[in-house]
Amino acid sequence: MLSLIRAVIGRDLRLAMRRQADIVAATFFFIIVVSLFPLGVGPEPDQLRRLAPGVLWVAALLATMLSLPRLFADDHRDGTLEQLALAPQPLALIVLGKVIAHWLVAGLPLVVLAPVLGVQFDLAGDALAVLTLSLLIGTPALSGIGAIGAALTLGVRGGGVLLSLLVLPLYIPVLIFGAGAVDATVTGLGAQAHLSLLGALALGGVFFAPWPTAAALRVALE
Amino acid sequence: MRNKLINWFRYASPQTFYPLAGRMIPWFWGLAAIFGVAGLFIGFLLAPTDAQQGEGYRIIFLHVPASWMSMFIYLVMAFWAATGLAFNTRLSGMMASALAPTGALFAFLSLWTGALWGKPMWGTWWVWDARLTSELILLFLYIGFIALQAAIDDPRRADKAGAILALVGVVNIPIIYFSVQWWNTLHQGASVSLTRAPSMAAMMLWGMLLCALACWMYSIAVALMRVRVIMLERERHTDWVRALLRGKA
Amino acid sequence: MLEASNLECVRGERCLFAGVSFRLEGGEMLALQGRNGSGKTSLLRMLCGLTPAASGEIRWCGRPIAQLGDEFRSELCFLGHQNAIKEELTPLENILSTARLAQEPLDEDAALAALELVGLLGREDLACRYLSQGQKRRAALARLVHEKRALWVLDEPYVALDRAATELVAGLVGAHLQRGGLVVLTTHQAVAVPAGNVRELTLGDDVALQQRL
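Keep in mind that this is a model prediction, so the values were computed, not measured.

So, the overall build of chain A
Okay, step 1: Helix and strand counts for chain A come out as ten helices and zero strands.
Okay, step 2: Against the 2.2 N^0.38 benchmark of 17 Å for 222 residues, chain A shows a C-alpha radius of gyration of 18 Å, consistent with a compact globule.
Okay, step 3: Looking at chain A as a whole, 55% of its 222 residues are labelled buried.
Okay, step 4: Pairs at least 24 residues apart make up 80% of the contacts formed inside chain A by residues separated by at least 6 positions.

What follows is the structure, encoded as structure tokens:
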């Protein structure tokens, strides 16, 4: 079981490394969106500090959305997805492997960049730490929940726009607790509760979402 | 056991359900009209003027039933979705598709009437209250469901994909509601608290319940009408639809 | 072993075929024929369990494949219209990663031997996107060299292949039949398979539909 998940992760990472342009593009999108906000709302440090958690988290959602359509589309186009669906192992496990690989490629860079971008918004040290931690805990949930939408819109007309329509409402709890954790730190309330709930969402997102995703993939392959 | 199942599934076949639905529709329209007239009569003529809110409060006779129905219809949709996935019956998917527009309509009505109520009461069209926000997200979920089904050409695939989405949505609704409420308590600023409901006169409650029943009957009638159209469209090449259309022509 | 009874396929609003029945034992091959759009690929996808049949049933060793699930899939090797190879990977990486995903690890020597057999030795380190159409097909067919699963379902295996490669694939199929395996394939070409009992079924032809094999 573990060896299968490892094999899927290994394959997807190798493929991602062969076309790094995609990873770089999504990461730069994140940086640019975040950098646009001070230009739009003005450079007052107080205001930026207040906006920072929300801006960074919304930008993280959008950057994730950008990479989601490719999650299954390439495998669908070249016939690999059929092979995965016909493997004698549960498809959900394979999906789990792909979700983990997607997070490593699309989620982890956001986590690494967040402290740097947080400095642009004049966040204090502890707030920066909590921001990074909240993204580290929360982004796996984005990959997991997003996989459901990616599978449902596979090979569908206007899939990319439809995908955001389906997935963004489901991201709301992650956004609330993720940005809330940083907010709570800034206002001195402590982020413990937010982070715990975010962790629960991430566990749910990563371990339950592969089942509906696998069902949706089988529907898409019919 | 098997015989019993087949008996039930008889009604799940569009061919038997089509005429049955046709016979039921006028009854539900009738009930909707009776309940609606009674509810509005009580609501506008018998219910007392609210001491704090004046006459403006009377919009709740539409607002509250619309909110209830928008949530209830999503549950019913998810139920049909689950049945469709479990038993692979054609009718279930059709019912879910037939219900979605009505659910979206009620969610929209609930938001709209809420705004109309909010303006005179609190001086603003919109507050980021937990209930308003959740209702807005529910509307998004309905629109996502309708858009997904519209984007998929093959009706069977559309049914199944929609069913999976509806089930994922119904699992998520409590999580979303809870998180929005949590968010709301943290951000509770100068806005108005909606939870302090003034004790309601019995007459108001009756009016509201009757209006809710009217909306319920209306939803069933409209969903049945829509499901009949969907059946004709999807099965237009089958013998029974051809015979039916020939009979009418 | 493999038994199909009264299969019906509906695509969109059209019924592609109905009443297709056949029975295949070990060492037998079924060659599906028929004009374009007669439902050959759809039938293959049904046999794999990818597409549910509008009506009818498919049984493997006497039990419906929908019930068997993973048990059936572990005996099934499907080669579709698409090659299922990754353009970014080399043929060697492709064959190794396919084996790893199928949980049937293949050592590098065996993989190289398979590539040699299909004539891709010397290209094993070249990303597949630089290969020609026929070479990509060969890379996909290299899987069959070490394939031990009982039921092979092949969609147009000879397409884009030259004469030598066609004979090679026919040889692999023959060897599989000799081992007691089963093969279902679609083809437009008459290719002689060296061993095994070959049956034919033509779709879209009303006489053949009724004919029970």
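Still to come is the rest of the account.
Let's talk about the overall build of chain C
Okay, step 1: Secondary structure summary: chain C contains eight helices and nine strands in total.
Okay, step 2: A globule of 213 residues ought to have a C-alpha radius of gyration of about 17 Å, and chain C, at 17 Å, matches this closely.
Okay, step 3: A principal-axis box enclosing the C-alpha atoms of chain C has dimensions of 50 × 35 × 35 Å.
Okay, step 4: The contacts of chain C with a sequence gap of at least 6 include a subset with a gap of at least 24, amounting to 66%.

Comments concerning the interface of chain A and chain B
Okay, step 1: Between chain A and chain B, the residue contacts involve 20 residues of the former and 23 residues of the latter.
Okay, step 2: For the side of chain A that touches chain B, the elements supplying multiple residues, two or more each, are helix H7 (125-152), helix H8 (159-186) and helix H10 (210-221) of chain A.
Okay, step 3: Take the side of chain A that touches chain B: its biggest share by element is ten residues, from H8(A).
Okay, step 4: In the side of chain A that touches chain B, the residues fall into 16 nonpolar, two polar and two charged.

Observations concerning the sheet that holds strand E7 (residues 151-154) of chain C
All names here are of chain C.
Okay, step 1: Taken in spatial order, the five strands line up as E6-E7-E8-E3-E9 in an open sheet, and their pairing is parallel. The open sheet has two free edges, formed respectively by strand E6 (76-79) and strand E9 (197-202), since each of these has just one partner strand. The mean inter-strand angle of the sheet, taken between neighbouring strand axes irrespective of direction, is 15 degrees.
Okay, step 2: Sheet topology places E6 next to E7; four bridges connect them, and they run parallel. Residue pairing in the sheet places Leu76 in a bridge with Leu151 of E7.
Okay, step 3: Its contacts with the sheet put helix H7 (residues 163-178) on strand E3 (28-33), E7 and strand E8 (182-186), and the angle it makes with E8 is roughly 150 degrees.

With respect to the sheet that holds strand E4 (residues 55-60) of chain C
Residue and element names in this part refer to chain C.
Okay, step 1: With respect to topology, four strands assemble into an open sheet ordered E2-E1-E4-E5, the strand pairing being antiparallel. The open sheet has two free edges, formed respectively by strand E2 (14-24) and strand E5 (63-64), since each of these has just one partner strand.
Okay, step 2: Two strands pair when backbone bridges link them, and strand E1 (residues 2-11) and E2 are joined in this way by seven bridges, in the antiparallel orientation. Bridge assignment links Leu7 to a residue of E2, and that residue is Val20.
Okay, step 3: On top of the sheet, helix H1 (residues 40-48) reaches E1, E2 and E4; it is set at about 125 degrees to E1, its chief contact.

Section: the nonpolar core
Okay, step 1: Core analysis: the biggest nonpolar cluster contains 211 residues, and A:Leu56, A:Ala151, A:Ala216, A:Leu217, B:Met77 and C:Val153 have the highest contact counts within it.
Okay, step 2: In terms of residues, this core owes the most to one element, H8(A), which gives 16 residues.
Okay, step 3: If you count residues domain by domain, this core takes at least three from each of domain 1 (1-75 + 149-213) and domain 2 (85-148) of chain C.
Okay, step 4: Once residues lying within four places of it in the same chain are set aside, the contact partners of C:Val153 are C:Leu44, C:Leu47, C:Cys48, C:Leu76, C:Phe78 and C:Val184.

Describing the domain arrangement of chain C
Residue and element names in this part refer to chain C.
Okay, step 1: When its domains are assigned, chain C resolves into domain 1 (1-75 + 149-213) and domain 2 (85-148).
Okay, step 2: If you average the C-alpha positions of domain 1 and of domain 2, the two centres end up 24 Å apart.
Okay, step 3: Tallying the contact residues gives ten residues for domain 1 and eleven residues for domain 2.
Okay, step 4: Residue composition of the side of domain 1 that touches domain 2, grouped by class: eight nonpolar, no polar and two charged.

A word on the packing of helix H1 (residues 2-18) of chain A against helix H4 (residues 91-101) of chain C
Okay, step 1: Put simply, H1(A) and H4(C) touch, their axes get as near as 9 Å, and they point 150 degrees apart. Classified by the angle between their axes, H1(A) and H4(C) sit roughly antiparallel to one another. Where H1(A) crosses over H4(C), the two elements pack in a sense that is left-handed. Only C:Ser97, C:Arg100 and C:Leu101 of H4(C) make contact with H1(A), whose side of the interface consists of A:Ala7, A:Val8 and A:Arg11.
Okay, step 2: A breakdown of the residues in the contact of H1(A) with H4(C) according to their chemical character gives three nonpolar, one polar and two charged.

What about unusual backbone geometry?
In terms of backbone geometry, most residues other than glycine have negative phi values and most peptide bonds are trans.
All names here are of chain B.
Okay, step 1: Of note, the phi angle at Asn88 is positive, near 60 degrees, even though the residue is not glycine.
Okay, step 2: Residue position: Asn88 is located in the loop between helix H3 (60-87) and helix H4 (90-122).
Okay, step 3: Overall, Asn88 belongs to the partly exposed group, with 14 C-beta atoms counted inside 10 Å.

Examining the packing of H8(A) against helix H5 (residues 130-151) of chain B
Okay, step 1: Here H8(A) crosses H5(B) at 155 degrees, and the two axes come no closer than 9 Å. Judged on the interaxial angle alone, H5(B) and H8(A) are roughly antiparallel. In this structure, H8(A) crosses over H5(B), and the sense of that crossing is left-handed. On H5(B), the residues touching A:Leu162, A:Leu165, A:Leu166, A:Pro169 and A:Ile172 of H8(A) are B:Ile137, B:Phe140, B:Leu141, B:Ile143, B:Gly144, B:Ala147, B:Leu148 and B:Ala151.
Okay, step 2: In the contact of H8(A) with H5(B), the residues fall into twelve nonpolar, one polar and no charged.

Describing the confidence of the model for chain C
Residue and element names in this part refer to chain C.
Okay, step 1: Summary statistics for chain C give a mean pLDDT of 85 and a share of 96% for residues scoring 70 or more.
Okay, step 2: Least confident of the elements in chain C is helix H8 (residues 206-210), whose mean pLDDT is 47; most confident is E7, at 92.
Okay, step 3: Predicted confidence for residues 207-213 stays below pLDDT 50, and this span has twelve contacts to residues more than four positions away or in other chains.
Okay, step 4: Predicted complex, confidence summary: ipTM 0.89, pTM 0.88.

As for helix H6 (residues 133-141) of chain C
Residue and element names in this part refer to chain C.
Okay, step 1: Across the nine residues that make up H6, a large majority, seven, are buried.
Okay, step 2: Taken residue by residue, H6 has Gln135, Lys136, Arg137, Arg138, Ala139, Ala140 and Leu141 as its buried positions.
Okay, step 3: Of the surrounding secondary structure, the elements contacted by the buried residues of H6 are E6, H4 and H7.

Points about the environment of B:Phe145
Residues and elements named next belong to chain B.
Okay, step 1: Among the structural elements, Phe145 can be located in helix H5.
Okay, step 2: Under the C-beta neighbour-count criterion, Phe145 is labelled buried, with 28 such atoms within 10 Å.
Okay, step 3: Separated by 21 residues in sequence, Phe145 and Ala166 have C-alpha atoms that sit 7.1 Å apart.
Okay, step 4: If near-sequence neighbours (up to four positions away) are discounted, Phe145 is found in contact with Ala100, Gly162, Leu165 and Ala166.

Side note on the pairing of E4(C)
Residue and element names in this part refer to chain C.
Okay, step 1: By the bridge criterion, five bridges tie E1 to E4 in an arrangement that is antiparallel. Paired with Glu8 across the two strands is Ser55, which belongs to E4.
Okay, step 2: Two strands pair when backbone bridges link them, and E4 and E5 are joined in this way by two bridges, in the antiparallel orientation. Looking at E5, one finds that Trp60 is bridged to Arg63.
Okay, step 3: Linking two consecutive strands that pair antiparallel, namely E4 and E5, is a turn of two residues; a positive phi of about 55 degrees is found at Cys61 within it.

Rules used throughout
Residues numbered from 1 in each chain as written. Chains lettered and ligands numbered in written order. Predicted model: local features only at pLDDT ≥ 70, side-chain atom pairs only at ≥ 80, totals over all residues. Helix = DSSP H or I, 4+ residues; strand = E, 2+ residues; numbered from the N terminus. Rg over C-alpha atoms; globule rule 2.2 N^0.38 Å. Buried ≥ 20, exposed ≤ 12 C-beta atoms within 10 Å, placed from the backbone. Contact = placed C-beta atoms within 7 Å. Nonpolar A, V, L, I, M, F, W, Y, C, P; charged D, E, K, R; others polar. Pairing = 2+ DSSP bridges. Axes fitted to C-alpha atoms, helices over the stretch in contact; angles between N-to-C directions. Core = buried A, V, L, I, M, F, W, Y, C linked by C-beta atoms within 7 Å. Domains from an automatic or database assignment. Parallel < 35°, antiparallel > 145°, perpendicular 65-115°, else oblique. Left-handed = near helix turned anticlockwise from the far one by under 90°. pLDDT = per-residue confidence, 0-100.

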